[in-house]
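What the coordinates show
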Amino acid sequence: MSEFLFSYGLFIAKVVTSLVALLFAVAIIAGARKKDEGPSLKITNLNDRYSELKTTVLHALMDKKQFKQYSKAQAKAEKKDKRSSDSAEEKARLFVLEFEGDIRASEVETLREEITAVLSIAEPRDEVLLRLDNSGGMVHEHGLAASQLQRIKDAELNFTVSVDKVAASGGYMMACIADRIVSAPFAILGSIGVLAQLPNFNRLLDKAGIDFEQHTAGEYKRTVTMFGKNGEKEREKLQTELQETHVLFRDFVKEHRPVLDIDKVSTGEHWYGKQALELNLVDELITSDDYLVNALKQFNIFEVKMELRKGIPEKLMGGLFSSINQARARIADVQNISKYH
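Keep in mind that what you see is a predicted model, and the values were worked out from it rather than measured. (Residues numbered from 1 in each chain as written. Predicted model: local features only at pLDDT ≥ 70, side-chain atom pairs only at ≥ 80, totals over all residues. Heavy atoms only, no water.)

1. Focus on the packing of aromatic side chains
If you walk through the whole model with that rule in mind, you get 5 aromatic pairs. Aromatic side chains phenylalanine 67 and tyrosine 70 sit 6.1 Å apart centroid to centroid with 35° between the ring planes, which places their arrangement in the tilted category. In this pair, phenylalanine 67 and tyrosine 70 both sit in helix H3 (residues 64-87), 3 residues apart, roughly one turn of the helix. The exposure class of tyrosine 70 is buried, given its relative accessible area of 16%. An aromatic cluster of three or more residues is present, and its members are Phe201, Phe212 and Phe227. The ring of tyrosine 220 has lysine 237 sitting right over it, with the charged end atom 4.8 Å from the ring centre. (Phe/Tyr/Trp six-rings, centres within 6.5 Å; stacked < 30°, edge-to-face > 60°. Helix = DSSP H or I, 4+ residues; strand = E, 2+ residues; numbered from the N terminus. Buried < 20%, exposed > 50% of the residue type's maximum accessible area, 1.4 Å probe, protein only. Lys NZ or Arg CZ within 6 Å of the ring centre and 35° of its normal.)

This is how it looks when you write it as structure tokens:
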């Protein structure tokens, strides 16, 4: 049984190797023939989307006669709304952006394009809603993301940030730019602090008889290191830098959200939505979904999203990596089975 499973696993490995070679060749050919199409801006009318959802549900719940009557009444109402909108002032617009953070705030590249697009057409009475999900990361990367959001404020648009899951550390640095912050009851907010951590392999290298050399010009070009021996002087310098960054972070949050007791909330702790409301970290407990549904009558709502179009090589390589992962999982299963048979 074990010999069969080993042969089966070897067969899968050969198939995967052949598939890799084939797809790699096709990707090279396709890449030579077709250039990357680049990013595209996608605008979705959320008023229409919510209306379609409602119609779909009613169609399933009503009998044919009831749905026909509803459709007629709906068409009549839409016609009336169109006539009134032609004679009255057009509703203000609510532009919806999304930002899902990672340690490098990598979505800032698409965020800056989306904000540029919105600012090119937005009027003072319009509003921007950012649905933010970000647990923080590198200081300079999230500082840039916050600076992009500052562009919305500088344009004097109403700006709201909605947090359904988390806006902590660098995520809260972004959130505090807004005129209003709303959150779900169990969203995580705060973590106004600074962290630095790294392993040190110096003793392991010494044990293996490996020397590590690092040459610098400037007393503090490097402080603590992963491979060299760290002393108190280096640790003290790093701690000083962390404290200085924390002061900058505190001052930034206080400047943009003066209602906060900054000494109370800048301890590095995080809080859930209800606690955050009591500490003035947020202004209202409401999910982004409810916020948008409540805004339907007041605004024409548009979701703005910059999509990175993938060329044929990228699509093929994505499929390739997926196939490799599936094959690796299958081989691991075979190996596990062989252990017990």
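Next comes the rest of the description.
2. Re the nonpolar core
Core analysis: the largest hydrophobic core is formed by 44 residues, its most contacted members being Leu130, Leu149, Phe159, Tyr172, Leu189 and Leu281. Those residues within four positions of leucine 149 in sequence are excluded, and the remaining contacts are Leu111, Ile115, Leu130, Phe159, Met174 and Ile177. Of all hydrophobic cores here, the second largest spans 13 residues; its members include Leu46, Ala92, Ile286 and Phe299. (Core = buried A, V, L, I, M, F, W, Y, C linked by side-chain atoms within 4.5 Å. Contact = heavy atoms within 4.5 Å.)

3. Some thoughts on the pairing of strand S5 (residues 180-183)
Where strand S4 (residues 158-168) and S5 come together, 4 bridges link them in parallel fashion. Bridge pairing links valine 163 to serine 183 in S5. Two elements, S5 and strand S8 (residues 284-285), share 2 bridges in a ladder whose sense is parallel. Across the sheet, residue serine 183 finds its bridge partner in S8, namely leucine 285. (Pairing = 2+ DSSP bridges.)

4. Remarks on the environment of threonine 287
Structurally, the position occupied by threonine 287 is in the loop between S8 and helix H11 (288-295). Looking at threonine 287, the relative accessible area reads 22%, which means it is partly exposed. The spatial distance from the C-alpha of threonine 287 to the C-alpha of alanine 184 is 4.8 Å, given a sequence separation of 103 residues. Polar contacts involving the side chain of threonine 287 include one to the main-chain amide nitrogen of aspartate 290, which spans 3.3 Å. (Polar contact = N/O pair within 3.5 Å; in protein donor to acceptor, adjacent residues only side chain to side chain.)

5. Thoughts on the pattern of salt bridges
Inspection of the entire model under this criterion finds 14 salt bridges. With a closest N to O distance of 2.7 Å, glutamate 284 and arginine 180 form a salt bridge. Within this pair, whereas glutamate 284 is found in strand S8, its partner arginine 180 is found in strand S5, the two being separated by 104 residues in sequence. With a shortest N-O distance of 2.8 Å, glutamate 219 and lysine 233 are connected by a salt bridge. In this pair, glutamate 219 sits in the loop between helix H7 (202-207) and helix H8 (232-256) while lysine 233 sits in helix H8, placing the two residues 14 residues apart along the sequence. (Salt bridge = Lys/Arg side-chain N within 4 Å of Asp/Glu carboxyl O.)

6. Notes on the confidence of the model for the protein chain
In the predicted model, the protein chain carries a mean pLDDT of 85, and 77% of its residues have values of at least 70. Note on residues 332-341: pLDDT is under 50 here. Beyond four places in sequence and across chains, it has 6 contacts. (pLDDT = per-residue confidence, 0-100.)

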